[in-house]
Amino acid sequence: MNIAFIAHDRKKEEMVNFVLAYESVFHGHTLYSTGTTGTRIMEQTNLSIHRFMSGPLGGDQQIGALVAENEMDLIIFLRDPLMAQPHEPDIIALLRLCDVQGIPVATNIATGELLVKALERGDFAWRELVHKYKPGE
Ligand SMILES: O=C(CO)COP(=O)(O)O
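Residues numbered from 1 in each chain as written. Predicted model: local features only at pLDDT ≥ 70, side-chain atom pairs only at ≥ 80, totals over all residues.

### Section: helix H5 (residues 88–101)
Alright, step 1. For H5, which comprises 14 residues, the first-to-last C-alpha distance of 20 Å matches the rise-based estimate of 20 Å (1.5 Å per residue) to within 8%.
Alright, step 2. Structurally, H5 contributes buried residues whose contacts are with helix H4 (59–68), strand S4 (74–78) and strand S5 (105–106).
Alright, step 3. Following H5 by one or two positions, Gly 102 adopts a phi angle in the positive range, close to 70°. (Helix = DSSP H or I, 4+ residues; strand = E, 2+ residues; numbered from the N terminus. Expected span 1.5 Å × (residues − 1). Contact = placed C-beta atoms within 7 Å.)

Here you go:
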């Protein structure tokens, strides 16, 4: 599965702890992130992550491009609901595209945990079919 991690600054520690807790589940998947989030996770885990640009510089949009192509299977996006972000339009656009494609996206740790347990259980197998039967391929 293609999985993306994104966390706003005051949520980065929570993200690192979350990924550490489920590191064994994430091994074997293809991992993506925005720039700083990925750096922080890689510093503290043994996971290899493809890092896009930092969020304010376009990283959310780069992940959004994969969502638009229906390539992303799961997104954990720990947003900071108490701080305005300069790139708020990019964030809204990413979440909109997730709704367009029906991509599971967690915006807080509680939902993230449920989705990772579902991933572990094999509940995401339907996404294999999405990849297999993509229109035009
Ligand atoms: O701003 C972000 C998401 O909107 C996250 O970007 P960074 O991971 O580069 O901090």
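### Regarding the UniProt feature "active site" (unreviewed entry) in the protein
Alright, step 1. Annotation from UniProt places "active site" (unreviewed entry) at Asp 60.
Alright, step 2. When you line up the elements, Asp 60 lands in helix H4.
Alright, step 3. Setting aside residues up to four positions removed in sequence, Asp 60 forms contacts with Ile 6, Thr 34, Gly 55, His 87, Asp 90, Ile 91 and Leu 94. (UniProt positions renumbered as here; feature names shortened; annotations may be inferred.)

### With respect to the site of the ligand
Alright, step 1. What surrounds the ligand is a group of 13 residues, the closest being Thr 34, Thr 36, Thr 37, Ser 54 and Gly 55.
Alright, step 2. Looking at the shell around the ligand, the elements with two or more residues in it are helix H3 (35–44) and H4.
Alright, step 3. Broken down by element, the shell around the ligand gets its largest block of residues, 3 residues, from H3.
Alright, step 4. For the shell around the ligand, the per-class residue count stands at 3 nonpolar, 9 polar and 1 charged. (Near = placed C-beta within 6 Å. Nonpolar A, V, L, I, M, F, W, Y, C, P; charged D, E, K, R; others polar.)

### Comments concerning the nonpolar core
Alright, step 1. Counting residues in each nonpolar core, the largest one holds 29 residues, and the members touching the most others are Ala 4, Phe 5, Ile 63 and Ile 75.
Alright, step 2. Counting only elements with at least two residues in this core, the list comes to strand S1 (2–7), helix H1 (12–21), strand S2 (30–33), H4, S4, H5 and helix H6 (109–121).
Alright, step 3. With sequence-adjacent residues up to four places away left out, Ile 63 is seen in contact with Ala 4, Ile 6, Tyr 32, Thr 34, Phe 52, Met 72 and Leu 94. (Core = buried A, V, L, I, M, F, W, Y, C linked by C-beta atoms within 7 Å. Buried ≥ 20, exposed ≤ 12 C-beta atoms within 10 Å, placed from the backbone.)

### Some remarks on the UniProt feature "binding site: substrate" (unreviewed entry) in the protein
Alright, step 1. Using the residue numbers shown here, the UniProt feature "binding site: substrate" (unreviewed entry) corresponds to His 8, Lys 12, Thr 34, Gly 35, Thr 36, Thr 37, Ser 54, Gly 55 and His 87.
Alright, step 2. Considering the arrangement of structural elements, one finds His 8 in the loop between S1 and H1.
Alright, step 3. Each residue touching His 8, except ones within four places of it in the same chain, is listed here: Leu 78, Arg 79, Asp 80, Met 83 and Gln 85.
Alright, step 4. Within the secondary structure, Thr 36 is located in helix H3.

### Quick look at unusual backbone geometry
Alright, step 1. One non-glycine residue, Asn 70, lies in the positive phi region at around 60°.
Alright, step 2. Along the polypeptide, Asn 70 turns up in the loop between H4 and S4.
Alright, step 3. On the basis of neighbour count, Asn 70 is assigned to the partly exposed category, with 17 C-beta atoms found within 10 Å.

### Some points on H4
Alright, step 1. Residues Gly 59, Asp 60, Ile 63, Gly 64 and Val 67 constitute the buried set of H4. All buried residues of H4 fall inside an arc of 140° around its axis, so they share one side. (Arc of directions from axis to C-beta.)

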